[in-house]
Amino acid sequence: MPLLKQATCIRYEYADRSESCWLPAGSDSPSPTPTRRITLDVTIEYEPGDGFILAYSAREDPTFAYDDWFGSLSAAEAAAEEMFGIGPDRWDKA
């Protein structure tokens, strides 16, 4: 698939829900969900005749890698901005 755009070294923070949600004795509410900070590399690739793939992966954790399909380049760009704050000036053309 042809690579159209990429953005590297994107700092991202998310709630790490891998910890169990048990309540400590005497507590009536769970502990706050810990956050995790990672560095992402994000790309938009074109799948000829099918659409656009927004792919992202963490440098620190090879299991943190996902991709999403979009019908247009503008939809993939909008998702990247909403999810990771990647605006038009942050993309490098491939």
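See above for the structure.
None of the values given here were measured: they were computed from a predicted structure.

A. Focus on the overall build of the protein chain. A tally of helices and strands in the protein chain yields 1 helix and 5 strands. Going from the N terminus to the C terminus, the protein chain shows its helices and strands as β-β-β-β-α-β. For the protein chain, the proportion of its 94 residues judged to be buried stands at 31%. Look at the contacts in the protein chain between residues 6 or more apart in sequence, and 52% of them connect residues 24 or more apart.

B. Region of the structure containing the side chain of Glu 45. Residue placement: Glu 45 occurs in strand β2 (residues 35-47). Buried and without a salt bridge, Glu 45 has Lys 5 as its closest oppositely charged side chain, separated by 14 Å. Reaching out from Glu 45, the side chain makes a polar contact with the side chain of Thr 43 at a distance of 3.4 Å. When sequence neighbours within four positions are dropped, the list of residues in contact with Glu 45 reads Met 1, Pro 2, Leu 3, Leu 4, Gly 51, Phe 52 and Ile 53.

C. Geometry of the nonpolar core. By size, the foremost hydrophobic cluster in this structure holds 19 residues, and its most contacted members are Ile 10, Leu 40, Val 42, Leu 54, Phe 84, Ile 86 and Trp 91. Those elements that provide at least two residues to this core are β1 (3-15), β2, β3 (51-58) and α1 (73-84).

D. Molecular detail of α1. In this model, α1 (12 residues) spans 16 Å end to end at C-alpha, consistent with the 16 Å of a helix rising 1.5 Å per residue. Residues of α1 that are buried: Ala 76, Ala 79, Ala 80 and Phe 84. The buried residues of α1 occupy an angular sector of 100 degrees when projected down its axis, which confines them to one face. Next to the buried residues of α1 lie β1, β2, β3 and β4 (65-70). Once α1 finishes, Gly 85 follows within two positions and takes phi at roughly 75 degrees, a positive value.

E. Here's a closer look at the packing of aromatic side chains. Within the structure shown, the criterion is met by 8 aromatic pairs. Between Tyr 12 and Phe 64, the ring centres sit 6.5 Å apart and the planes meet at 50 degrees, which makes this aromatic pair tilted. On the criterion of sequence distance, the pair formed by Tyr 12 in strand β1 and Phe 64 in the loop between β3 and β4 is long-range, its members being 52 residues apart. Residue class for Phe 64 comes out buried when judged on its relative accessible area of 12%. Ring plane angle 75 degrees and centroid distance 5.1 Å describe the contact between Tyr 12 and Phe 84, whose orientation is recorded as edge-to-face. Taken together, the positions of Tyr 12 in strand β1 and Phe 84 in helix α1 put the pair 72 residues apart, joining distant regions of the chain. A relative accessible area of 23% means that Tyr 12 is categorised as partly exposed.

F. Summary view of the pairing of β3. Counting buried positions along β3 gives 7 out of 8 residues, so the element sits mostly inside the fold. The sheet contact formed by β2 and β3 spans 8 bridges and is antiparallel. Of the residues in β3, the one forming a bridge with Glu 47 is Gly 51. Taking the residues that link successive antiparallel strands as the turn, the β2-β3 hairpin has 3 residues, and the phi of Gly 49 there is positive, at about 75 degrees. The sheet contact formed by β3 and β4 spans 6 bridges and is antiparallel. When the bridges of β4 are listed, Ser 57 appears paired with Ala 65. The turn linking β3 back onto β4 is made up of 6 residues.

Cut-offs used in this document
Residues numbered from 1 in each chain as written. Predicted model: local features only at pLDDT ≥ 70, side-chain atom pairs only at ≥ 80, totals over all residues. Heavy atoms only, no water. Helix = DSSP H or I, 4+ residues; strand = E, 2+ residues; numbered from the N terminus. Buried < 20%, exposed > 50% of the residue type's maximum accessible area, 1.4 Å probe, protein only. Contact = heavy atoms within 4.5 Å. Lys, Arg positive; Asp, Glu negative; His and termini not counted. Salt bridge = Lys/Arg side-chain N within 4 Å of Asp/Glu carboxyl O. Polar contact = N/O pair within 3.5 Å; in protein donor to acceptor, adjacent residues only side chain to side chain. Core = buried A, V, L, I, M, F, W, Y, C linked by side-chain atoms within 4.5 Å. Expected span 1.5 Å × (residues − 1). Arc of directions from axis to C-beta. Phe/Tyr/Trp six-rings, centres within 6.5 Å; stacked < 30°, edge-to-face > 60°. Pairing = 2+ DSSP bridges.

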